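Here is how the chains run, residue by residue.
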Amino acid sequence: MRIYVYPGSFDPVTNGHIDIIDRAAKQCDKLIVAVLVNSKKKPVFTIEERVELLKCALAGRPNIEIDSFTGLTVDYLKRKNASVIIRGLRAVSDFENEFQMAILNKQLSPDIETIFMMTSLNYLYLSSSVVRELAANNGNIDGLVPDCIKDRVIEKLRSLKK
Ligand code: PNS
């Protein structure tokens, strides 16, 4: 059974993530979308909220699981018997950091592969931080996040601004 893991902050999940998730899920038997704390970032949504938003956005997809973890991504993959880390790439600016993570993860665990998927053109400039910025400032986030999470994202960001 091919188990892949898509790790990330998902703060919050965007339609760019959903696009990568749907495409990655076709390449494996089970895709685990795993939320974790990126120590370089200070998240707006709690882990529980991010998992909830993902569950709502991905309801009804049979081979997709949502989970959260702490610690190293490669250790999580080993616990789950997973073989591949999925990461999305947008602009060249993503590359340096992603390259560094992939090399590091390869050194930590040579049997685990990182597979990169290029963003679809529609989502080239979409990121969780763009969504947070728009939602906090009365910008329109239609089409940028799944419909079922839109109101919760707006509510949270506006409440933080008050
Ligand atoms: O969505 P993000 O914030 O770009 O995701 C980055 C993430 C969380 C995948 C990365 O920071 C990560 O894997 N952190 C876990 C710690 C780890 O395994 N570090 C070694 C590789 S850098």
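Here, the structure is the one placed above.
Each value, and the rule that gives it
- Residues numbered from 1 in each chain as written.
- Predicted model: local features only at pLDDT ≥ 70, side-chain atom pairs only at ≥ 80, totals over all residues.
- Heavy atoms only, no water.
- 1 Å grid on protein atoms, 1.4 Å probe; cavity = no way out; pocket = protein on both sides within 12 Å on 5 of 7 lines; lining within 4 Å.
- Points joined across faces, edges and corners; volume = space filled by probe spheres on them.
- Helix = DSSP H or I, 4+ residues; strand = E, 2+ residues; numbered from the N terminus.
- Nonpolar A, V, L, I, M, F, W, Y, C, P; charged D, E, K, R; others polar.
- Disulfide = S-S within 2.5 Å.
- Pairing = 2+ DSSP bridges.
- Axes fitted to C-alpha atoms, helices over the stretch in contact; angles between N-to-C directions.
- Contact = heavy atoms within 4.5 Å.
- Expected span 1.5 Å × (residues − 1).
- Buried < 20%, exposed > 50% of the residue type's maximum accessible area, 1.4 Å probe, protein only.

### A closer look at the layout of surface pockets
Consideration 1: Space inside the largest pocket adds up to approximately 1300 Å³.
Consideration 2: Taken together, 47 residues form the lining of the largest pocket, with Asn 38, Lys 41, Arg 87, Glu 98 and Met 101 sitting closest to its centre.
Consideration 3: Broken down by secondary-structure element, the contributors of at least two residues to the lining of the largest pocket are β1 (3–8), α1 (15–25), β4 (84–89), α4 (95–108), β5 (113–118) and α5 (128–136).
Consideration 4: If you tally residues by element for the lining of the largest pocket, the top one is α4, at 7 residues.
Consideration 5: Classifying every residue of the lining of the largest pocket gives 19 nonpolar, 18 polar and 10 charged.

### A few points about the state of the cysteines
A covalent bond bridging the sulfur atoms of two cysteines is what the word disulfide describes.
Consideration 1: What the rule picks out here adds up to 1 disulfide.
Consideration 2: There is a disulfide in this structure between Cys 56 and Cys 148, and the S-S distance comes to 2.5 Å. Of this pair, Cys 56 sits in helix α2 (residues 47–57) while Cys 148 sits in helix α6 (residues 147–161), placing them 92 residues apart in sequence.

### Concerning the sheet that holds strand β2 (residues 30–36)
Consideration 1: With parallel pairing, 5 strands are arranged side by side in an open sheet as β3-β2-β1-β4-β5. Among the strands making up the open sheet, the edge pair consists of β3 (64–69) and β5. Strand after strand, the sheet turns through a mean of 30° between neighbouring axes, direction not considered.
Consideration 2: In the packing of α2 onto the sheet, contacts are made with β2 and β3, and the angle to β2 comes to roughly 150°.
Consideration 3: The strands touched by α4 are β4 and β5; relative to β4, the strand with the most contacts, the crossing angle is about 170°.

### Looking at α6
Residues separated by three or four positions in an α-helix point in the same direction, a consequence of the helix having 3.6 residues per turn.
Consideration 1: Spanning 15 residues, α6 covers 22 Å between terminal C-alpha atoms, matching the ideal 21 Å at 1.5 Å per step.
Consideration 2: Ile 149, Val 153, Ile 154, Lys 156 and Leu 157 are the residues of α6 that are buried.
Consideration 3: For α6, the elements touching its buried residues are α2 and α5.

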